[in-house]
Amino acid sequence: MYEIHPYFTNDGSVGLFSPEADDIYHSTYGALAEAYEKFVLPAELEKYFQNNSQIKVLDICYGIGYNTKSFLNFLLEKNIINFQNKNLKKIKKNNSFKQNNAPIHTDNIKNNKYNAKIYSNNTNYNDKVYSNNISEETQTQNAHERAINSGALYSNNISDRNSVSKVQNNKIFIKAIDTDAKLFYFSPFFRQGLEKDKKYNNIDFNYEKINKLLKGNFEQKYKLKNEVNLFIFKNIIEKLPEIFDDIEFEQILTSKKYSAFFDKEFIALFKLLKNNQSKYAFCTRITTFLHNIYYRYISNRYKIALNALYLNDFVFEPEVEDARTSLINDKNIYNLIFLDAFTPAKCPALWSLEFFKLLFEHLDKDGMILTYSNSAAVRNAMINAGFYVGKIYNPEIDKYTGTIAVKNKSLIKYELSEYDLGLINSRAGIFYRDENLSLANEAIIASHEIEVKNSDKISSSRFIKDFKK
């Protein structure tokens with residue numbers, strides 16, 4: 001039986017523990033804070049969008065989505081992307097949604113939840129993925145307008161789009177990969193709590209370190225906008241419609257045991273969608289249905305978030321797959337790669353020399369890979385794959401908190417030190433190997449242990465001792 005082990009971290013965001021890996025997905029000081037400070041802020045997105053109008057992001061080991069969510073949240077906060085607010089003023093002025101009692105438009109379409117994915121390969125990214133899909137949007141718009149009496153909600157028509165600030169023309173493509181479909185399902189449902197919510201942290205796994213660290217001070221430096229989870233939710237139900245058939249997922253989602261961790265209004269929306277799924281196609285008309293459901297049944301707290309349903313030029317593609325297999329079949333070139341797998345000792349398949357060679361093929365010449373790992377073996381694998389490698393620095397705590405790999409050396413702000421390079425040349429820097437990108441983690445670890453044992457390189461402990469002298 002599938003289980004989750006949630007807890008509120010010290011910034012209110014929910015973290016998870018993995019019994020299989022015997023490790024945590026998220027830092028106890030804050031799952032959201034960690035995503036911001038180790039992945040989003042080092043990407044220097046404001047600087048990037050000064051010279052670029054589109055970005056492709058690869059999120060490896062999506063988990064419950066904090067890296068993707070933080071990325072979107074940051075773009076919203078900095079007005080790099082925004083939503084069409086002008087018609088919301090019309091809604092407030094007319095208050096027409098309260099008077100609208102027309103039946104939800106369905107076109108009597110039977111269950112189409114196993115349709116082909118809208119964005120299957122994204123090989124023609126520049127020409128097709130971001131063509132704004134006018135014909136599809138027009139169909140959605142027409143259905144939407146019929147359902148809500150010709151414009152009670154914003155219509156998202158062409159003239160409206162052209163009148164919006166240029167910042168909305170930025171094109172965003174995010175591919176998120178994880179082997180666990182249920183983590184995708186859960187990702188939009190987790191809420192961000194307050195300090196008082198830590199009382200619900202009944203840690204039910206043997207991890208004393210977590211209990212100790214969770215007693216730290218509460219500090220909420222970052223807060224997710226409602227739009228982010230709503231937009232993720234919309235894309236999950238469109239592209240992973242199997243969510244409605246997963247009994248285990250629904251049992252956990254609606255269990256009293258975990259109720260403190262989930263957004264009750266998202267659960268209500270999920271139930272409404274599931275009960276009516278036979279009436280609606282899950283592609284072009286899902287937006288219409290979501291609008292109607294939210295305006296009739298969901299509280300005012302999330303109504304502004306409906307703008308997210310009409311975020312222009314945005315593609316979110318969740319994929320349940322081994323990242324190695326996914327990238328072998330992927331023709332995209334990415335500007336930004338978040339590598340957030342479990343530690344190399346637990347999941348070496350996503351830290352091997354061969355995997356970094358695969359990532360090298362998928363990274364833009366001015367792109368970057370960001371990861372929390374400071375491992376000498378990881379950095380050595382990156383270097384041998386052809387990357388320039390540097391460090392991620394957090395000035396607030398005056399510590400190096402991760403690693404950056406690039407093709408363009410000028411993007412490195414903090415270079416590896418003499419100490420870092422010394423560790424790379426010790427046994428600690430012996431990287432993992434996965435020649436055909438198909439070995440199980442256990443086989444990779446066993447092979448690595450033999451190589452380390454037979455190596456004539458200096459041990460890391462001896463190097464550290466000599467270096468200190």
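Each value, and the rule that gives it
- Residues numbered from 1 in each chain as written.
- Predicted model: local features only at pLDDT ≥ 70, side-chain atom pairs only at ≥ 80, totals over all residues.
- Heavy atoms only, no water.
- Helix = DSSP H or I, 4+ residues; strand = E, 2+ residues; numbered from the N terminus.
- Buried < 20%, exposed > 50% of the residue type's maximum accessible area, 1.4 Å probe, protein only.
- Contact = heavy atoms within 4.5 Å.
- Areas by Shrake-Rupley, 256 points an atom, 1.4 Å probe, with all protein chains shown as cover.
- pLDDT = per-residue confidence, 0-100.
- Polar contact = N/O pair within 3.5 Å; in protein donor to acceptor, adjacent residues only side chain to side chain.
- Phe/Tyr/Trp six-rings, centres within 6.5 Å; stacked < 30°, edge-to-face > 60°.
- Lys NZ or Arg CZ within 6 Å of the ring centre and 35° of its normal.
- Salt bridge = Lys/Arg side-chain N within 4 Å of Asp/Glu carboxyl O.

## Describing the overall build of the protein chain
Here's step 1: When you go through the protein chain residue by residue, the secondary structure sums to 20 helices and 10 strands.
Here's step 2: Looking at the protein chain residue by residue over its 469 residues, the buried ones come to 57%.
Here's step 3: Pairs at least 24 apart in sequence give 78% of the contacts found in the protein chain among residues at least 6 apart.
Here's step 4: For the protein chain, the exposed surface amounts to about 21,400 Å²; the carbon and sulfur share of it is 46%.

## Quick word on the confidence of the model for the protein chain
Here's step 1: For the protein chain, per-residue confidence averages 79 on the pLDDT scale, and residues scoring 70 or more make up 71% of the total.
Here's step 2: Here residues 280-284 scores under 50 on pLDDT; set against residues more than four positions off or in separate chains, the count is 21 contacts.

## Considerations on the environment of Lys-221
Here's step 1: Take Lys-221: it is sitting in the loop between α10 (208-213) and α11 (226-239).
Here's step 2: Sequence-wise, Lys-221 and Leu-32 are 189 residues apart; in three dimensions their C-alpha atoms are separated by 8.9 Å.
Here's step 3: Setting aside chain neighbours within four positions, we find Lys-221 in contact with Glu-37 and Glu-396.
Here's step 4: In this structure the side chain of Lys-221 is engaged in a polar contact, spanning 2.5 Å, whose partner is the side chain of Glu-37.
Here's step 5: Separated by 3.1 Å, the side chains of Lys-221 and Glu-396 make a polar contact.

## Here's the deal with the packing of aromatic side chains
Here's step 1: Within this structure, the stated rule accounts for 30 aromatic pairs.
Here's step 2: With 5.2 Å between their ring centres and 50° between their planes, Tyr-393 and Tyr-414 make a pair best called tilted. One end of the pair, Tyr-393, is in strand β9 (residues 388-394); the other, Tyr-414, is in the loop between β10 (399-406) and α18 (418-424), and 21 residues separate them in sequence.
Here's step 3: Lying across the ring of Phe-360, Lys-407 places its NZ or CZ 4.2 Å from the centre.

## Here we look at the pattern of salt bridges
Here's step 1: Enumeration according to the criterion identifies 18 salt bridges in this entry.
Here's step 2: In this structure, Glu-396 and Lys-221 form a salt bridge, with 3.1 Å as the shortest nitrogen-oxygen distance. Here the residue Glu-396 occupies a position in the loop between β9 and β10, and Lys-221 occupies one in the loop between α10 and α11, the gap between them amounting to 175 residues.
Here's step 3: Accessibility expressed as a relative area gives 58% for Glu-396, which makes it exposed.
Here's step 4: Linking Arg-324 and Asp-434 is a salt bridge whose minimum nitrogen-to-oxygen distance equals 2.7 Å. Of this pair, Arg-324 sits in helix α15 (residues 323-328) while Asp-434 is found in the loop between α18 and α19 (441-454), placing the two residues 110 residues apart along the sequence. The exposure classification of Arg-324 matches that of Asp-434, with both residues buried.
Here's step 5: Three or more residues are tied together by salt bridges with common partners; here these are Glu-37, Lys-221 and Glu-396.

## Notes on unusual backbone geometry
Here's step 1: Positive phi outside glycine occurs at Cys-61, with the angle close to 65°.
Here's step 2: As for its placement among the helices and strands, Cys-61 is situated in the loop between β4 (54-60) and α3 (66-77).
Here's step 3: Phi angles above zero are rare outside glycine, and Asp-398 is one such case at about 55°.
Here's step 4: Looking at the secondary structure, you find Asp-398 in the loop between β9 and β10.

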